[in-house]
Amino acid sequence: MASKLSTCFLSHGWGGLDCKLSNERFLAPSLRLLPASCKMRHRNFSSQQRRQQTKKVSPDQHPTNSHFQSNGVEDIESENASVDGVSSLSQETAPDDVDVDSSIDIEHINDNALKHLNVSEEMKPLGINVKSGEQLSSFQLEDLVGMIRNAEKNILLLNQARVHALQDLGKILSEKDALQGEINILEMRLAETNARIKVAAQEKIHVEILEEQLVNLRNELFHMGATEGSGLDMHENWNKALDGVHSLGEELRLLRTENLSLKDDILALKKELSHVQKTDERVVTLEKDRLFFESGLKELEFKLVASQEDVSELSTLKFECKNLWDRVENLQVLLDRATDQADQAILVLQQNLDLRKKVDMLEESLEEVNVYKLSSEKMQQYNSLVQQKIKLLEERLDRSDEEILSYVKSYQESIKEFQDTFNSLKEESKRRALNEPVDDMPWDFWSRLLLIIDGWLLEKKISVNNAKLLREMVWKRDGRIRDAYMVCRDKNEHEAVTIFLKLTSSQKSSRFHIIHIAAEMAPVAKVGGLGDVVTGLSRALQKKGHLVEIVLPKYDCMQYDCARDLRVLDMELESYFDGQLFKNKVWVGTVEGLPVYFIEPHHPSKFFWRGKFYGEHDDFKRFSYFSRAALELLLQSGKKPDIIHCHDWQTAFVAPLYWDLYAPKGLNSARICFTCHNFEYQGTAPASELASCGLDVHHLNRPDRMQDNSGHDRVNPVKGAIVFSNIVTTVSPTYAQEVRTSEGGRGLHLTLNSHSKKFIGILNGIDSDAWNPATDVFLKSQYSANDLQGKAENKEALRKHLGLASADTRQPMVGCITRLVPQKGIHLIRHAIYRTLELGGQFVLLGSSPVPHIQVEFEGIANHFKGDDNIRLILKYDESLSHLIYAASDMFIIPSMFEPCGLTQMIAMRYGSIPIARKTGGLNDSVFDVDDDTIPLQFRNGYTFLDPDEQGLNGALDRALNHYKTNKESWEQLVKKDMNIDFSWESSASQYEELYEKSVAKARAAIHV
């Protein structure tokens, strides 16, 4: 009931209250500000309007004090009477009726208020008469009476709501107490029932025991053969016991029934208790409403007092209005007088201005006269000075003419001498240009020029001999062919060919023509280290003066923006595959200043339009096709290379294809060099697939040729390249020794040992231009071995970027950038993370895994250390971030199980990060332990361990961190020494150059014999 009352009151009564309050706030301020607005309007009138209003308003129209008071008394009496009537009426009517009446009164009051408001806005501030005064006073009194009525109605509604709420509250509390008593009684009954159930259960157990005993006794009696009388007695006792058991079971059933009924009663009581709790919540809500109504009531009482004060002020307003009218009349008189005086002042001011203008004109004319007098005197003096200067200038001009004649003679003599010297120098430079290479053009220029010549040859625009001669000129960087290119840039192709053919000569070159056939090349088509090696080695050989070209597949996913001047040749290359000829498009362009040929097969299988480089089910066919198409390109272009260098199993097919198919066709000038970058990947396949590229399966599927050592029905491209190549290399000396053992050879150790004379390991290098901390654009601050301040700044930048702790600037940071595969020692990397944290260091890992369960494992480790500010695992590859990690790390960990070469340790040392590496493969050839006394001191550059377990790693890692923390000066010397080590391709390229030279010399010697 109380909730219904409060809801009704809020939906009806309080809505009326809001309307009344809004009406009161709107009307009262507008009436109290009326005199002030009259004053403001009155001040804005012009003097003429004031005169007209003064004439129109008569003294009889001014409001009088007596009339104003009488109206006020009558309105107050009527107001009291209306208030008494409303209060008596409100006691007799229901709350709903009162709400309806109040809403009607509000509408009536609002309409009257709007009407009076419109009248007050139309009234002129200086034209208030007696009738308007009566309207004003009656308007305010009616408004106040309405406000008082509404306030009493609201007070009555509030009191009624409060009484009902208190009554409902009392009823709810009494019902709550009664329900609580019933709950207590039921809980007692429930406890008694539980006790009785326990007793009954015990008795049931006892009866069951007795039943078992009776059964046993009965069985014994039957076996003993007792007399019939004793059997009857026993049968009676048995029946009595069964009756007792049945009675106990019946009693137990009744107890269970009673227990269930009690549980139902308890559930019902709990529901009633929840209703009581909800009722308590409604009581709290009602109490809040009551407090809110009381505050509203106090506010209404306060406003009622304020309205009564406004009524008392009405009497004073009349006196103020009369005084204002008197003042207005006085001000009007004063304004008239001031206006007349202002008119006179304006006339006098105008006369003064005219006189001032005349005076100014006279003063200006006087100044002009004075200036003219002074200027005429100065002009006479100036003329005399000019005459003197003219005479001096004429004398100087005569002397200068004589000097100029002597200078002209000496200049003509020097010009003649300079022309003679210039001609002699020009002749000498021409002579030198014929014998010396030109160094003022970039490598891109010579590569582009070479591609143009090859394009003309393939398009049948020049002969093979002319192409060979022009290539030699480009090879030697002959200045004449450069000048010819500059001359024919604006000419058509036919004219350009004619100009180039004039340059042909019979000179022969002593440098090597080297062609790399590979599946990768950085940065245009890079997957791993193979791409870096092809680019780095080719650039180093090019700088040594050799002619270097690269042949690649044209992948759809390669970085096309890294190939400059990419264009397709106007020719179609046909190559054999699967018993028929397929057409190929040949594209040319320059990559890192090197000329590159891209072969695009038009094969139905779309071999190189797969969206990735490797990992297809038909990789054996894809790359055997490419290997034959590459040799076909060399044959049709008329090239006569000295070295054909192929890489890994993808282009290992080149070696048997060259000797079995293309050497008999005339492509027989080259020696074959094969480099295996990782013997774990050998590309084996069923022997039958070898026939697709045109090779004889029966001829090659033999143990001494291409047959795989693990199966007679499979062929191994890497084994075939080892057998058929003139030079076989791998990427480090230690790895070359490891693969000749049964553990490291991956099944090829016997083949390598049988061809050991042509097998050698050459350590790879790094691109010292791309990996240079002094010019690296990815770093926040560049630095060098002579200034290590930038390394500390990059460390701070990496910490900020990854959210690592940066309070201790000397806290060591261990970096690791790798592919997360078993070869890289992932169990040791995982251990290094925890060990570094134990020793107080920070660890940053960058890399991902192609093996799903390894990726998931390291994602779990990353999530585990997500809140730790000393460990960060970034499980992807980010080129720019890798540069920053190399620069920021104090040490780098490379715990590989086997590592053919490895570039990470070289790059780390280049950036001043000390390597912690396992002694295997290329790591053993490039990282030497600082505590190993058997190694000369100048070569010690890092920390190494041999055993691929946690103890071995701990020994190296602990020593490195201890050195960093305890001996800062010695550590900085080690950093500077590592940064000054030369890991560029210069040394490696020299070793390859020596191998090429020996092989070519041997072949030429064999020809002469």
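Worth saying up front: this structure is predicted, and the values here are computed from it rather than measured.

Rules used throughout
- Residues numbered from 1 in each chain as written.
- Predicted model: local features only at pLDDT ≥ 70, side-chain atom pairs only at ≥ 80, totals over all residues.
- Heavy atoms only, no water.
- Helix = DSSP H or I, 4+ residues; strand = E, 2+ residues; numbered from the N terminus.
- Buried < 20%, exposed > 50% of the residue type's maximum accessible area, 1.4 Å probe, protein only.
- Contact = heavy atoms within 4.5 Å.
- Salt bridge = Lys/Arg side-chain N within 4 Å of Asp/Glu carboxyl O.
- Core = buried A, V, L, I, M, F, W, Y, C linked by side-chain atoms within 4.5 Å.
- Pairing = 2+ DSSP bridges.
- Right-handed = clockwise from strand over helix to strand, strands pointing away.
- Phe/Tyr/Trp six-rings, centres within 6.5 Å; stacked < 30°, edge-to-face > 60°.
- Lys NZ or Arg CZ within 6 Å of the ring centre and 35° of its normal.
- Axes fitted to C-alpha atoms, helices over the stretch in contact; angles between N-to-C directions.
- pLDDT = per-residue confidence, 0-100.
- Polar contact = N/O pair within 3.5 Å; in protein donor to acceptor, adjacent residues only side chain to side chain.
- Parallel < 35°, antiparallel > 145°, perpendicular 65-115°, else oblique.
- Arc of directions from axis to C-beta.
- Left-handed = near helix turned anticlockwise from the far one by under 90°.
- Patch = residues over 30% accessible without salt bridge, like charges linked within 9 Å, V, L, I, M, F, W, Y side chains within 5 Å.
- Areas by Shrake-Rupley, 256 points an atom, 1.4 Å probe, with all protein chains shown as cover.
- Lys, Arg positive; Asp, Glu negative; His and termini not counted.
- Charge placed at Lys NZ, Arg CZ, Asp CG, Glu CD.

1. Quick notes on the overall build of the chain
Assigned secondary structure in the chain consists of 27 helices and 17 strands. When the 1009 residues of the chain are sorted by exposure, 43% land in the buried category. Of all intrachain contacts in the chain linking residues separated by at least 6 positions in sequence, the fraction that spans at least 24 positions is 75%.

2. Here we look at the pattern of salt bridges
By the definition in use, this model includes 27 salt bridges. With a closest N to O distance of 2.9 Å, Lys-824 and Glu-899 form a salt bridge. Linking Lys-824 in the loop between strand E12 (813-817) and helix H20 (826-838) with Glu-899 in the loop between strand E15 (891-894) and helix H23 (904-910), this pair joins segments that are 75 residues apart in sequence. Of the two residues, Lys-824 and Glu-899, neither departs from the other in class, the shared state being buried. One continuous salt-bridge network, built from bridges that share partners, spans Asp-454, Arg-471, Glu-549 and Lys-639.

3. Quick look at the nonpolar core
Counting 97 residues, the largest nonpolar core has Ile-517, Met-521, Val-551, Leu-631, Ile-644, Phe-679 and Tyr-996 as its most contacted members. Among the elements that make up this core, the one with the highest residue count is helix H13 (residues 619-636) (nine residues). Core analysis: the next-biggest nonpolar cluster, separate from the first, contains 69 residues, Met-813, Tyr-886, Ala-887 and Ala-960 among them.

4. Examining the pairing of strand E6 (residues 643-647)
Most of E6 sits inside the fold, with five of its five residues counted as buried. Bridge analysis of strand E1 (residues 513-517) against E6 gives four bridges, and the strand direction is parallel. Each residue of the ladder has a partner; that of Ile-515, found in E6, is Ile-644. Of the pairings in the sheet, the one linking E6 to strand E7 (residues 671-675) comprises five bridges and is parallel in character. Its bridge partner lying in E7, Cys-646 is registered against Phe-674. Following the chain from E6 across helix H14 (residues 654-662) to the adjacent parallel E7, one finds a crossover that is right-handed.

5. A closer look at helix H22 (residues 879-888)
Judged by how many residues are buried, H22 sits mostly within the fold: eight of ten residues are covered. Contacts made by the buried residues of H22 are with helix H19 (789-802), E12, strand E13 (842-846), strand E14 (871-874), E15 and H23.

6. What to know about the packing of aromatic side chains
Within this structure, the stated rule accounts for 24 aromatic pairs. Consider the rings of Tyr-658 and Trp-659, whose centres lie 4.9 Å apart with planes at 85°: the pair is edge-to-face. The class for Tyr-658 is buried, based on a relative accessible area of 0%. Look at Trp-659 and you get partly exposed, because its relative accessible area is 30%. Between Tyr-964 and Trp-971, the ring centres sit 5.3 Å apart and the planes meet at 90°, which makes this aromatic pair edge-to-face. Comparing Tyr-964 with Trp-971, the two get one shared label, buried. One cation-aromatic arrangement involves Lys-554 over Trp-587; the distance from NZ or CZ to the ring centre is 4.6 Å. The residue whose ring lies beneath Arg-746 is Phe-898, and the NZ or CZ to ring-centre distance is 4.8 Å.

7. A look at the sheet that holds E1
An order of E3-E4-E5-E2-E1-E6-E7-E10-E11 is seen for the nine strands of this open sheet, with the pairing classed as mixed. This sheet does not close on itself; its edge strands, each paired only once, are strand E3 (564-577) and strand E11 (759-761). In this sheet, neighbouring strand axes are inclined to one another by 25° on average, regardless of whether the strands run parallel or antiparallel. Sheet analysis places E7 next to strand E10 (residues 727-730), joined by three bridges and oriented parallel. Following the sheet pairing, Cys-673 is matched in E10 by Ile-727. Lying on the sheet, helix H8 (residues 443-458) is in contact with strand E2 (547-553), E3, strand E4 (580-591) and strand E5 (594-601); it crosses E5 at an angle near 45°.

8. Some words on the confidence of the model for the chain
Per-residue confidence for the chain averages 79 on the pLDDT scale, and 78% of its residues sit at or above 70. In the model of the chain, helix H2 (residues 34-44) stands out as the element of lowest mean pLDDT, 38, in contrast to E15, which has the highest, 98. Contacts of residues 505-509 to residues separated by more than four positions or lying in other chains number eight contacts, the stretch itself having pLDDT below 50.

9. Side note on the side chain of Thr-675
Inspection of the secondary structure assignment puts Thr-675 in strand E7. A polar contact of 2.7 Å, which involves the side chain of Thr-675, links it to the side chain of His-645. Within the local environment of Thr-675, its side chain forms a polar contact with the side chain of Thr-729, the two groups lying 2.6 Å apart. Excluding residues within four positions of it along the chain, Thr-675 makes contact with His-645, Cys-646, His-647, Asp-648, Thr-729, Val-731 and Tyr-992.

10. Describing the packing of H14 against helix H16 (residues 717-724)
At a closest axis distance of 7 Å, the pairing of H14 and H16 adopts a crossing angle of 50°. Accordingly, the angle class assigned to the pair H14 and H16 is oblique. Between H14, through Ala-655, Pro-656, Trp-659 and Asp-660, and H16, the contact on the second element is made entirely by Gly-720, Ala-721 and Phe-724.

11. A word on unusual backbone geometry
Of note, the amide linkage connecting Ala-522 to Pro-523 takes the cis form, showing an omega dihedral of 0°. Mapping Pro-523 onto the fold places it in the loop between E1 and helix H12 (529-543). Positive phi, close to 55°, is recorded for Glu-592, a residue that is not glycine. Look at Glu-592 and you get partly exposed, because its relative accessible area is 39%. We note that Arg-746 has phi near 55°; this positive angle belongs to a residue other than glycine. Look at Arg-746 and you get partly exposed, because its relative accessible area is 40%.

12. Focus on helix H11 (residues 493-501)
Those residues of H11 not exposed but buried are Ala-496, Val-497, Ile-499 and Phe-500. Down the axis of H11, the buried set is contained in an arc of 160°. They therefore lie on one face. Packed against the buried residues of H11 are H8, helix H9 (464-475) and helix H10 (479-487). The distance from a side-chain oxygen at the start of H11 to the backbone nitrogen of His-494 is 3.3 Å, and the residue carrying that oxygen is Asn-492.

13. Structural notes on the sheet that holds strand E17 (residues 943-945)
Sheet architecture is open: six strands sit in the order E14-E13-E12-E15-E16-E17, paired in parallel fashion. Edge positions in the sheet fall to E14 and E17, since each has one partner strand and no second. In this sheet, neighbouring strand axes are inclined to one another by 15° on average, regardless of whether the strands run parallel or antiparallel. Relative to E17, strand E16 (residues 914-918) runs parallel, the two sharing three bridges. Within the sheet, the bridge partner assigned to Ala-917 lies in E17 and is Thr-944. Along the sheet, H19 contacts E12, E13 and E14; its crossing angle with E12, the most-contacted strand, is approximately 70°. On top of the sheet, helix H26 (residues 968-979) reaches E15, E16 and E17; it is set at about 80° to E16, its chief contact.

14. What to know about the pairing of E3
Strand direction decides the pairing type here: E3 and E4, joined by nine bridges, are antiparallel. Residue Arg-567 lies in a different strand from E4, and its bridge partner there is Val-588. Linking E3 back to E4 in an antiparallel pair, the connection comprises two residues, with Asp-578 at a positive phi of about 55°.

15. A closer look at the side chain of Ser-926
Relative to the assigned elements, Ser-926 resides in helix H24 (residues 921-926). Residue class for Ser-926 comes out buried when judged on its relative accessible area of 1%. Filtering out sequence-adjacent residues up to four positions away, Ser-926 remains in contact with Leu-763, Gln-905, Met-909, Asn-941 and Phe-983.

16. What about the packing of H19 against H22?
Two numbers describe how H19 lies on H22: the axes approach to 8 Å, and their chain directions differ by 125°. Compared by their axis directions, H19 and H22 come out oblique. Taken as a pair, H19 and H22 cross one another with a handedness that is left-handed. Seen from H19, the contacting residues are Lys-791, Asn-794, Lys-795, Leu-798 and His-801; seen from H22, they are Leu-881, Leu-884, Ile-885, Tyr-886, Ala-887 and Ala-888.

17. Here's the deal with a negative patch on the surface
Together, Glu-394, Glu-395, Asp-398, Asp-401, Glu-402 and Glu-403 make up a negatively charged patch on the protein surface. Along the chain, Glu-394 falls in helix H7 (residues 228-435).

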